[in-house]
Amino acid sequence: MFSPYSDIQEPKESLPHSKTSAAAQLDELMAHLCEMQAKVAVKADASKKYLPDKQDHKASLDSMLGGLEQELQDLGIATVPKGHCASCQKSIAGKVIHALGQAWHPEHFICSHCKEEIGSSPFFERSGLAYCPKDYHNLFSPRCAYCAAPILDRVLTAMNQTWHPEHFFCSHCGEVFGAEGFHEKDKKPYCRKDFLAMFSPKCGGCNRPVLENYLSAMDTVWHPECFVCGDCFSTFSTGSFFELDGRPFCELHYHHRQGTLCYGCGQPIAGRCISAMGHKFHPEHFVCAFCLTQLSKGIFREQNGKTYCPPCFNKLFQI
Ligand SMILES: [Zn+2]
Ligand SMILES: [Zn+2]
Ligand SMILES: [Zn+2]
Ligand SMILES: [Zn+2]
Ligand SMILES: [Zn+2]
Ligand SMILES: [Zn+2]
Ligand SMILES: [Zn+2]
Ligand SMILES: [Zn+2]
């Protein structure tokens, strides 16, 4: 039987240090994370809320005064009026509202939008006009981008929109954002945890997102603890590994999988190799089972899975 030498292709040995596109993507992501913060501010309202001054006489006092006024008029003595209503221009005798620097009949002091009587209720002033609180907020308060309702006190400004602070939350888990702020993706806000879980590159070993520490190899990123030999799970202390089908292996297991361990000594064969009886051998380990001389380039005899040089074979088996 003739067994030629063959050369085993040296595996590609790589070092896990070069930056890959996945690593660059992760770096960019991390830089992006630090910049984003939500801004919450107490609404700066140019207008003010007022309680109008009111002179609210008791009804009995009013009628008493009315009676007194009548008596005085009967006597030819005119009473001093309380001013003229800014709305109807008539003089005010009973209750008077002082607001916006003028005097009003209570029933003539009205919301400039819905025309409902404000009277002595709280109101808002804007550009010299009075508004009931409901109309004021509907007309002038910022709107929440989530519920579209007006925002009455605290306004959160984020993503070029305004929000009720309680209505600005993670698009994935629904939690409002803490001190970490939020992270925007495709016009949606996410908490840090979900953002990283959904958008950061996945580990080449466990397929879970890679967050802080990572190792870059074979055009992807890895948790350092996941970058180990696919068979024995040992780390690559020398820094080198062997790639097979997208997974890293130690030298021994790479050769084991490739069928390139010496059948004689069990060690990997790098370089020259002899194939015989369905196995591979270091040339120096392809020897006669009896006299241990190397069976180089040669003719050998086989018996019960062992190899022999022709003289030993003849001595032992050819009687
Ligand atoms: Zn009036
Ligand atoms: Zn109104
Ligand atoms: Zn809202
Ligand atoms: Zn979330
Ligand atoms: Zn992993
Ligand atoms: Zn291994
Ligand atoms: Zn060997
Ligand atoms: Zn021999």
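Residues numbered from 1 in each chain as written. Chains lettered and ligands numbered in written order. Predicted model: local features only at pLDDT ≥ 70, side-chain atom pairs only at ≥ 80, totals over all residues.

The protein chain carries the name LIM zinc-binding domain-containing protein in an unreviewed UniProt entry, which gives Cnephaeus nilssonii as its organism. Turning to the protein chain, the UniProt annotation filed under Sequence similarities (unreviewed entry) states: "Belongs to the paxillin family." (UniProt positions renumbered as here; feature names shortened; annotations may be inferred.)

Asks: Give me the overall build of the protein chain: which residues, what numbers.
Replies: A count of helices and strands for the protein chain gives six helices and 21 strands. Out of the 319 residues belonging to the protein chain, those deemed buried represent 24%. (Helix = DSSP H or I, 4+ residues; strand = E, 2+ residues; numbered from the N terminus. Buried ≥ 20, exposed ≤ 12 C-beta atoms within 10 Å, placed from the backbone.)

Asks: Could you give an account of the pairing of strand 8 (residues 123–126), with specific residues and numbers?
Replies: Relative to strand 9 (residues 129–131), strand 8 runs antiparallel, the two being bridged by three bridges. When the sheet's bridge partners are listed, Phe-124 is paired in strand 9 with Tyr-131. Hairpin geometry of strand 8 and strand 9 is characterised by an intervening segment of two residues between the two adjacent antiparallel strands and by a positive phi of about 50° at Ser-127. (Pairing = 2+ DSSP bridges.)

Asks: I'd love a proper account of the nonpolar core, names of residues and values included.
Replies: Ranked by size, the top nonpolar core spans 16 residues in total, and within it Ala-130 and Tyr-131 carry the most contacts. Those elements that place two or more of their residues in this core are strand 6 (96–99), strand 7 (102–104), strand 8 and strand 9. At three residues, the largest contribution of residues to this core is made by strand 6. By size, the runner-up hydrophobic cluster in this structure holds 13 residues, among which are Phe-286, Val-287, Leu-295 and Cys-309. (Core = buried A, V, L, I, M, F, W, Y, C linked by C-beta atoms within 7 Å.)

Asks: Now, about the pairing of strand 6: what can you tell me, with residues and values included?
Replies: The sheet contact formed by strand 6 and strand 7 spans three bridges and is antiparallel. Bridge pairing in strand 7 links Ala-99 to Gln-102.

Asks: Go over helix 5 (residues 251–258) with me, naming the residues and quoting the values.
Replies: When helix 5 is considered as a whole, its buried residues turn out to be His-253, Tyr-254 and His-255. Elements in contact with the buried residues of helix 5: strand 16 (241–244) and strand 17 (247–249). Remark: Gly-259 follows helix 5 within two positions and exhibits a positive phi of approximately 70°. (Contact = placed C-beta atoms within 7 Å.)

Asks: Tell me about the environment of Cys-206, and name the residues and values.
Replies: By the secondary structure assignment, Cys-206 is in the loop between helix 4 (192–199) and strand 14 (215–217). C-alpha of Cys-206 to C-alpha of His-223: the two residues are 17 residues apart in sequence and 8.3 Å apart in space. With sequence-adjacent residues up to four places away left out, Cys-206 is seen in contact with His-223 and Cys-226.

Asks: Explain the confidence of the model for the protein chain to me, and be specific about the residues and the numbers.
Replies: Residue-level pLDDT values for the protein chain average 80, and 76% of them are 70 or greater. In this model residues 54–69 is a low-confidence stretch, pLDDT under 50, and it forms ten contacts with partners more than four residues away in sequence or in other chains. Across residues 75–79, where pLDDT falls below 50, the model places four contacts with residues more than four positions away in sequence or in other chains. (pLDDT = per-residue confidence, 0-100.)

Asks: Go over unusual backbone geometry with me, naming the residues and quoting the values.
Replies: The phi torsion at Leu-100 lies on the positive side, around 50°, for a residue other than glycine. Mapped onto the elements of the fold, Leu-100 is located in the loop between strand 6 and strand 7. Looking at Leu-100, the number of C-beta atoms within 10 Å reads 16, which means it is partly exposed.

Asks: Go over the environment of Glu-225, please, and point to the residues and values.
Replies: Positionally, Glu-225 belongs in the loop between strand 15 (220–222) and strand 16. Here Glu-225 falls in the partly exposed class, since 13 other C-beta atoms lie within 10 Å of it. For the pair Glu-225 and Gly-205, spaced 20 residues apart in sequence, the C-alpha separation works out to 9.1 Å.

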